[in-house]
Amino acid sequence: MRNRWLSPIAVVVLAAVIALGAAFDPSGLAAPYTWTGADLLPVAGLWQVAAPAVYVPLLLAGVGVLAWTVARGRAPLRTALLVWGAVVWSAMAAKLVMSLVMTFGDVVYLAWSTGFTGVKAAIFGLPVLVAAWLAQLLHRHVAPPPAASASSPSTGPDAGPAAASGTLFPRASGPGWAAAGVAVVLAASVGGVWWGGSPVGYAIGDSPLAPAPEAGPLGCLAAVTLLGVLTWALNRRLGTTTSPRAVLAGLSALGAAATLGLVQVAIGIPGDLAGGDMFWAPAIMLRLAPALSFGALLALGTAAFVALLPAIRPARRTSLLPPRKGVAFSVPVRMAVVVAAAALALPLLQPGATTAPPPRTKGLGLSADRRIIDADGNEVLLRGVNVNQLEDYFQKRPDKAVTRPLTEADFAGMEQMGFNVIRLALSWSALEPRPGHYDPAYLARISWAVETAARHGMRTVIDMHQDAWGKGVNAAPGTTCRNGSPMHGWDGAPTWADRFDGAPRCEFTGRDISPAVARAFTNFYQDRDGIQTRLVAAWGMLAERFANEPMVAGYDLLNEPGFGEAPPITSGVLLGRYYDRAIKAIRAGERRGFPHLVFFEPSVLWSGLGFEVSVPKDFTDDRLLVFAPHLYNESITIDQGTGVTVTSIERGFDLASRAAEYYGAGLWSGEWGWFGDPASAPITRYTDQEDRHRIGGAFWVWKQSCGDAHAEADSRTGGNLMIEDCLTGKDLPPPAEYVTELSRPYPRSAPGRLTGLTSDRASLTARGEGNGCGLDVWFPGDTRPAVRGTGLKDVAAQRAPGGWRITGCTTGPYNLTAQAPAGARRT
C-alpha cells in the first residue's frame, strides 16, 4: 500500500530546510538556495528570477514526484534512501535547468558544475531522509500488510525471501542488467570528457580509478566495470517488484557513481594527508562533485532507456539478458559480461584535445611549454611588487589621503631591490568617471607610470583593480544588518555602474561575501544596461594606447572578480564570457601594434580558499594567456581565522601550477604577502616555492596609505613593505625580513629554459638548457659576487642600483652559481 503522506512530508521538510538556509546564509555558498535580499522587481531578465521561479519549484516538484513513486515500499530505511537519492538527483536537475536559463549555453560545464549542488543536496537532504524514514516506520505500523496471493509479484518466482520479508535488501525484478549496460556504455562514451576535462581536476590530480584516459587502461576498465556492477547491485538491492523500474534504475546509477566518488576519496586521502595541511576536507567535496554530476547523467540515461525498454522489446522479462528456456545465466556469468562490455567500450574514451602553440610577439610571449619568454626566446621571471598609488579608493578616514603620491623615487627604490616588474593597479571609476568618457589626466598618469618603470628596467602589468565592487557599497549611516555588519566603500567600479537592486550593503563574513557585492557582480556578468560592455570598451582603448609598448608585460583583466549570486555559473561561465569579450577587445585595439600577454584570475574565492572552480577550459581561443591567482595561502585565507591551515603554501603552488597546465597557460602570482608580523612570517617558505616552480609574482604592496580602505581605523602604521607612520605621515624603515627575501638573487632572463633554481639572500644556483646571450641575473649587495659555472661564456658582473647584474652567454646545458663573499654587506 502506498504511503500517501511520504511525498508531502518530504516536500515540506525540504522547503523548511531551503527557507532556513536562505535566512542564515545569504551568500548561498553553503545553503541550498541563495536569497540575498535584493529586490525581485522590476525583472531585468530571466536570470534574476531563475532561482525562485525555476530552481526551487523544480527541486520541490522533483522530490515530490519521485518520493510518490517509491512510496509503496514497506522497508522504511530502503525507501528513505531512495527519497534521499531523489533529493540529490532533483537538486542537480533543477540546478542545470536554472543554469541554462541564466546563461543559454556551456551545457557540459554547467552539467558538470551541478555536482557541487549534489554534494550540498546530500547534506541538506539528510533531514528529508530522517523524515522519510520516520514516516515509513509509522506507516508500516499503521497500515495493514498487503494480502499475499499466488499471483502476487512480490511472492512470485522472481522475488527472493528478502522481498517477502520486507527487509532492507530484497531481490528486485527490475531490469538491473539493462541499467548496468547503459551505465557501462555512457561511462565509456563520456567519462573521458567528464573526468579529463574537470574544472577541479587540477586540485585532486588524476585518479587511478576513473573512466578517463588519465587513469590508464586498467584504471579505466576497473572504473567502468565498477559503475556497471554497482548499478546492477543497487538496482537489485534497493528495489522491489513494486518499485518503478525507470526511477529505480536512475537512482541506482546515481548511487553507483556516488560510490565510485567515495572510492576515489578513499584512494586520495593518503596523498592529501601527506601535505601536512587539512586539504583532505575540501578534497572530499572536490572528488564527490564530478562523480555526482556524472551520476546524474548516468541516471538520466539509464532511466530513459529502462522506461523505453518495453516499447523496444516487449516481453514479460525486460532484463538485458533474459534467460531462455532451459538456460540460466548466473551472477558470475553476468558480471563477466559487464567486464567484457566495459573492455569493448574503452576505445570510446577520448583524451582531451590539444591546443595550438602560442604565437610569437615583439613583447613578452609564451613558449610551447607555457613559460613566459621575451622576443628572443629567453625565459623571463617577472618578480616585483604591486603599486596601488593610482587607485581611487573610498575615503574611510577623512583626515587621511587614500593613497600616497607615486614619484620617480618610488621606481628608483623598486629598482634598487632588483624588481623587474610592477603590477599597476588602475581604478575603472577614475578611468571612466562618466559612461564613454575617459579621463585624459588619469590616462596621462598611467602612461607616465609605464614610462618611468621602463626607465628603471621594469615592465608593467596593467591591472583593472577592484575590491568588493567599488565605492558604492558603502552603507548609509544607521544601517542595521540582520546578518553581518554594515560595509564601508571600497574601490573599482564607478557609481554609474552600480546595480544593487536593494540588496543589503552588509558584509556577511567578509567584504566579498556581501549581498550587495554579489548582486552588483551578477548584474555586471549579465551585462545589465551595458555596464560590462563599457569596461570591455575601456580595455580596447587601453590596448590601443599601449599597442606598441614592449615594456607593458600584459593586461590583468579584473582583480579578484566577485563570485556573484550563483557560483560557479556566475564565477565560471559568465566570468569566462567577460574575459573572452575583453580579450577580443584588447586584440582589436592592438591591430596596429603587437599582442601582449593576458593575465586572468579565478574569482576572489581562490584568494580566500586557495582553490576555486574557475572559468571553463575553452573560455577563449587566445593562446597568450597567463593564469594569475593570488597565492595568499597561510596569509589572509579564510582558514587562518580558524587556527588551522587547509591549503598550505606548498600546496597552493602545486594547485596553481596544475590549474595553469589545465588552461595551457603560463603561471604568475598576481598578489602574495600580507603575512602579518614579518618576524614570524613564513616568507622564506613562499620564496622557496617560487624558486622551485621557477615563476614570478608581485608582492602586495609597495606603499599603502593610512587612509586606504584596507587600513583599520586605529592603525598606527600603514602599508606592508614601505611603511607609513599614521601619526606623522613619515616613512618608517621597511621590514628587514621582507626586504631580504624580496631582493634575493634571481635570473631576470635566461636563454632557453630554466630547469632548476635555488636562492637565498647571499647565493644562487641556476640550471638551464639553451644557447644565447640573454643571461641576466640580479644579485643584491655592495660586494661583487663570485660567479662560476659550466656551459657559460663572456660572463660579467656589472654594478647596478642596489646590487649587481650578471650577464653572459650559454651553450647547451648550463649551470651558474653566484655567491656573496663571506662578510659581504647588503644594501
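It should be emphasised that the depicted structure is a prediction, and the values quoted were computed from it without experimental measurement.

Peer 1: How should the overall build of the protein chain be read in this particular structure?
Peer 2: On a plain count of helices and strands, the protein chain comes out with 22 helices and 23 strands. Residue burial in the protein chain is summarised as follows: out of 827 residues, 59% are buried. Taking the intrachain contacts of the protein chain between residues at least 6 apart in sequence as the baseline, contacts between residues at least 24 apart amount to 73%. For the protein chain, the exposed surface amounts to about 31,700 Å²; the carbon and sulfur share of it is 61%.

Peer 1: What is the right way to look at the confidence of the model for the protein chain in this model?
Peer 2: Do not read the predicted coordinates in detail wherever pLDDT is low. This prediction gives the protein chain a mean pLDDT of 89; 89% of its residues lie at or above 70. This stretch, residues 149-174, has a pLDDT under 50; its non-local contacts, to residues over four places away or in other chains, come to 41 contacts. The low-confidence segment residues 315-329, where pLDDT is below 50, has 21 contacts with residues more than four positions distant or belonging to other chains.

Peer 1: Sorry, what's going on with the sheet that holds strand 15 (residues 717-718) here?
Peer 2: Strands pair in a sheet through their backbones, by hydrogen bonds, and they do so in one of two ways: parallel or antiparallel. Strands sit in the order 15-16-17 across an open sheet of three strands; the sheet is antiparallel. Each having just a single partner strand, strand 15 and strand 17 (731-732) make up the two edges of the open sheet.

Peer 1: Mind showing me how you'd approach the pairing of strand 18 (residues 746-750) here?
Peer 2: Side-chain direction in a regular strand flips from residue to residue, so the side chains alternate between the two faces of the sheet. Burial within strand 18 is extensive, with five of its five residues counted as buried. Pairing of strand 3 (residues 379-380) with strand 18, which is carried by two bridges, proceeds in the antiparallel orientation. In the strand pairing of strand 18, Glu379 is matched with Ala750. Bridge count between strand 18 and strand 21 (residues 772-780): three bridges; the pairing is antiparallel. For Tyr746, the partnering residue across the bridge sits in strand 21 and is Trp778.

Peer 1: In this structure, what is going on with the packing of aromatic side chains? I would like to understand it.
Peer 2: Given two aromatic rings, one states the distance between the centres and the angle between the planes to describe the pair. What the rule picks out here adds up to 28 aromatic pairs. Here the aromatic rings of Trp428 and Phe524 are separated by 6.4 Å at their centres, their planes lie at 65 degrees, and the arrangement is edge-to-face. Taken as a pair, Trp428 in helix 14 (residues 428-431) and Phe524 in helix 16 (residues 515-525) lie far apart in primary sequence, 96 residues in all. Of the residues examined, Trp428 reaches a relative accessible area of 3% and is grouped as buried. A relative accessible area of 1% places Phe524 in the buried class.

Peer 1: Looking at this structure, how should I read the state of the cysteines?
Peer 2: In a disulfide, the sulfur atoms of two cysteines are held together by a covalent bond. With the rule as written, the count across this model stands at three disulfides. A disulfide bridge connects Cys706 with Cys726, and the sulfur atoms are separated by 1.9 Å. Taking the sign of the S-S torsion, -90 degrees for the link of Cys706 and Cys726, the bridge is left-handed. With Cys706 in the loop between strand 14 (697-700) and strand 15 and Cys726 in the loop between strand 16 (723-725) and strand 17, this residue pair connects regions lying 20 residues apart in the sequence. Cys726 matches Cys706 in its accessibility class, with the two residues each being buried. What pairs with Cys773 in a disulfide is Cys809, and their sulfur atoms sit 2.0 Å apart. A torsion of 105 degrees about the S-S bond marks the disulfide between Cys773 and Cys809 as right-handed. On the criterion of sequence distance, the pair formed by Cys773 in strand 21 and Cys809 in strand 23 (residues 803-819) is long-range, its members being 36 residues apart. Residue class for Cys773 comes out exposed when judged on its relative accessible area of 57%.

Peer 1: In this structure, what is going on with the packing of helix 15 (residues 440-455) against helix 17 (residues 531-545)? I would like to understand it.
Peer 2: Helix packing geometry: the angle between the two helix axes and the distance between the axes. As a packed pair, helix 15 and helix 17 sit with axes 12 Å apart at the nearest point and diverge in direction by 45 degrees. In this view, helix 15 runs oblique relative to helix 17, as classed from their interaxial angle. Where helix 15 crosses over helix 17, the two elements pack in a sense that is right-handed. Residues Leu443, Ala444 and Ser447 of helix 15 form the contact with helix 17, whose own contacting residues are Met541, Leu542 and Arg545. Taken together, the residues of the contact of helix 15 with helix 17 sort by class into four nonpolar, one polar and one charged.

Peer 1: Would you explain the nonpolar core in this entry?
Peer 2: Nonpolar side chains in soluble globular proteins tend to end up buried together. In this structure, Leu431, Trp539, Tyr578 and Leu721 are the most contacted members of the largest nonpolar core, which totals 187 residues. Broken down by element, this core gets its largest block of residues, 13 residues, from helix 3 (residues 76-103). With sequence-adjacent residues up to four places away left out, Trp539 is seen in contact with Ile462, Met464, Tyr555, Asp556, Leu557, Tyr578, Ala582 and Ile586. Judged by nonpolar contacts, the second largest core, of 18 residues, contains Leu775, Val777, Phe779 and Ala797.

Peer 1: Would you mind showing me how to read the pattern of salt bridges here?
Peer 2: Two side chains that carry opposite charge are able to pair once their charged atoms sit near each other. Overall, the coordinates contain 36 salt bridges when judged by the stated rule. Between Arg383 and Glu690 there is a salt bridge, with its nearest N and O atoms 3.7 Å apart. Separated by 307 residues along the polypeptide, Arg383 in strand 4 (residues 383-387) and Glu690 in helix 21 (residues 683-692) bring together distant segments of the chain. An identical accessibility class is assigned to Arg383 and Glu690; each is buried. For Lys703, the salt bridge goes to Asp410, with nearest N and O atoms at 2.8 Å. Residue Lys703 is found in the loop between strand 14 and strand 15, and its partner Asp410 is found in helix 13 (residues 408-416); the two are separated by 293 residues along the sequence. A relative accessible area of 14% means that Lys703 is categorised as buried.

Peer 1: Honestly, a nonpolar patch on the surface in this entry has me stumped. Any pointers?
Peer 2: On the surface, Leu77, Leu81, Val130, Trp133 and Leu134 cluster together to form a nonpolar patch covering roughly 400 Å² of accessible area. Of all the elements, helix 5 (residues 126-142) adds the most residues to the nonpolar patch, at three residues. With respect to the secondary-structure elements, Trp133 resides in helix 5.

Peer 1: Teacher, can you tell me more about helix 18 (residues 569-589) here?
Peer 2: Helical periodicity: at 3.6 residues per turn, an α-helix aligns residues three or four positions apart in one direction. With 21 residues, helix 18 should reach 30 Å at 1.5 Å per residue; the first-to-last C-alpha distance of 29 Å fits that figure. Along its length, helix 18 shows its largest kink, about 30 degrees, at Leu575.

Peer 1: How do you make sense of the environment of Leu186 when you look at a structure like this?
Peer 2: Relative to the helices and strands, Leu186 is located in helix 7 (residues 176-196). For the pair formed by Leu186 and Thr302, sequence separation is 116 residues and the distance between their alpha carbons is 9.0 Å. With residues near it in sequence (within four places) discarded, Leu186 still touches Gly191, Phe294, Leu297, Leu298 and Gly301.

Peer 1: Just to check I follow, could you spell out the sheet that holds strand 4 for this structure?
Peer 2: With parallel pairing, the nine strands of this open sheet are ordered in space as 12-11-10-9-6-5-4-14-13. This sheet does not close on itself; its edge strands, each paired only once, are strand 12 (666-667) and strand 13 (669-673). Alignment of strand 6 (residues 459-465) against strand 9 (residues 552-556), held across four bridges, turns out to be parallel. By the bridge assignment, Asp463 is partnered in strand 9 with Asp556. Of the strands in this sheet, strand 4, strand 13 and strand 14 touch helix 21, which is tilted by about 155 degrees from strand 13.

Peer 1: Just to check I follow, could you spell out the side chain of Thr810 for this structure?
Peer 2: Locating Thr810 in the fold gives a position in strand 23. At 2.7 Å, the side chain of Thr810 and the backbone oxygen of Gly770 are in polar contact. For Thr810, the residues in contact, after removing those within four places along its chain, are Pro751, Gly770, Asn771, Gly772, Gly791 and Leu792.

Basis of the calculations
- The numbers attached to residues start from 1 for each chain and follow its sequence in the written order.
- Only residues with pLDDT of at least 70 are given local features in this predicted model, and only at 80 or more are side-chain atom pairs given and counted; all residues enter the totals for whole chains, interfaces and linings.
- Based on all heavy atoms of the structure, the side-chain values leave hydrogens and waters out of the count.
- Helix and strand assignments follow DSSP, with helices taken as H or I runs no shorter than four residues and strands as E runs no shorter than two, numbered in order from the N terminus.
- Exposure classes here rest on a 1.4 Å probe applied to the protein chains alone. A residue is buried below 20% of its type maximum, exposed above 50%, and partly exposed in between.
- Here, two residues are considered to be in contact whenever any of their heavy atoms come within 4.5 Å of each other.
- Calculation of accessible area relied on Shrake-Rupley with a 1.4 Å probe; when residues are assessed, cover is drawn exclusively from the protein chains displayed.
- Predictor confidence is given residue by residue as pLDDT, running from a minimum of 0 to a maximum of 100.
- The pairing criterion is simple: DSSP has to find at least two bridges between the two strands.
- Here a Phe, Tyr or Trp ring, Trp counted by its six-membered ring, pairs with any other such ring whose centre lies within 6.5 Å, and the pair is stacked when the planes are under 30 degrees apart, edge-to-face when over 60, and tilted otherwise.
- Note on terminology: pairs of cysteine sulfur atoms within 2.5 Å are recorded as disulfides.
- Inter-axis angles, ranging from 0 to 180 degrees, are taken between N-to-C directions of lines fitted to C-alpha atoms, where helices are fitted over the stretch in contact.
- Comment on the angle field: the value is read as roughly parallel under 35 degrees, roughly antiparallel over 145, roughly perpendicular from 65 to 115, and oblique elsewhere.
- Here a crossing is taken to be left-handed if its near helix is turned anticlockwise relative to the far helix by less than a right angle, and right-handed if that turn runs clockwise.
- Under the scheme applied here, ten amino acids are nonpolar (Ala, Val, Leu, Ile, Met, Phe, Trp, Tyr, Cys and Pro), four are charged (Asp, Glu, Lys and Arg), and all others, including Gly, are polar.
- Buried residues of nine kinds, namely Ala, Val, Leu, Ile, Met, Phe, Trp, Tyr and Cys, make up a nonpolar core once their side-chain atoms join them within 4.5 Å.
- Only one rule defines a salt bridge in this text: a Lys or Arg side-chain nitrogen within 4 Å of an Asp or Glu carboxyl oxygen.
- A patch is a set of surface residues, each over 30% in relative accessible area and not in a salt bridge, joined within 9 Å for like charges and within 5 Å for the nonpolar side chains Val, Leu, Ile, Met, Phe, Trp and Tyr.
- By this rule, a helix spans an expected 1.5 Å times one less than how many residues it contains.
- Here the bend at a residue is taken as the angle between two axes, fitted respectively to the seven residues that end there and the seven that start there.
- Within 3.5 Å is the distance limit for a polar contact, defined as a pair of N or O atoms, with the added protein rule that one can donate a hydrogen and the other accept it, and that residues adjacent in sequence qualify only through two side-chain atoms.

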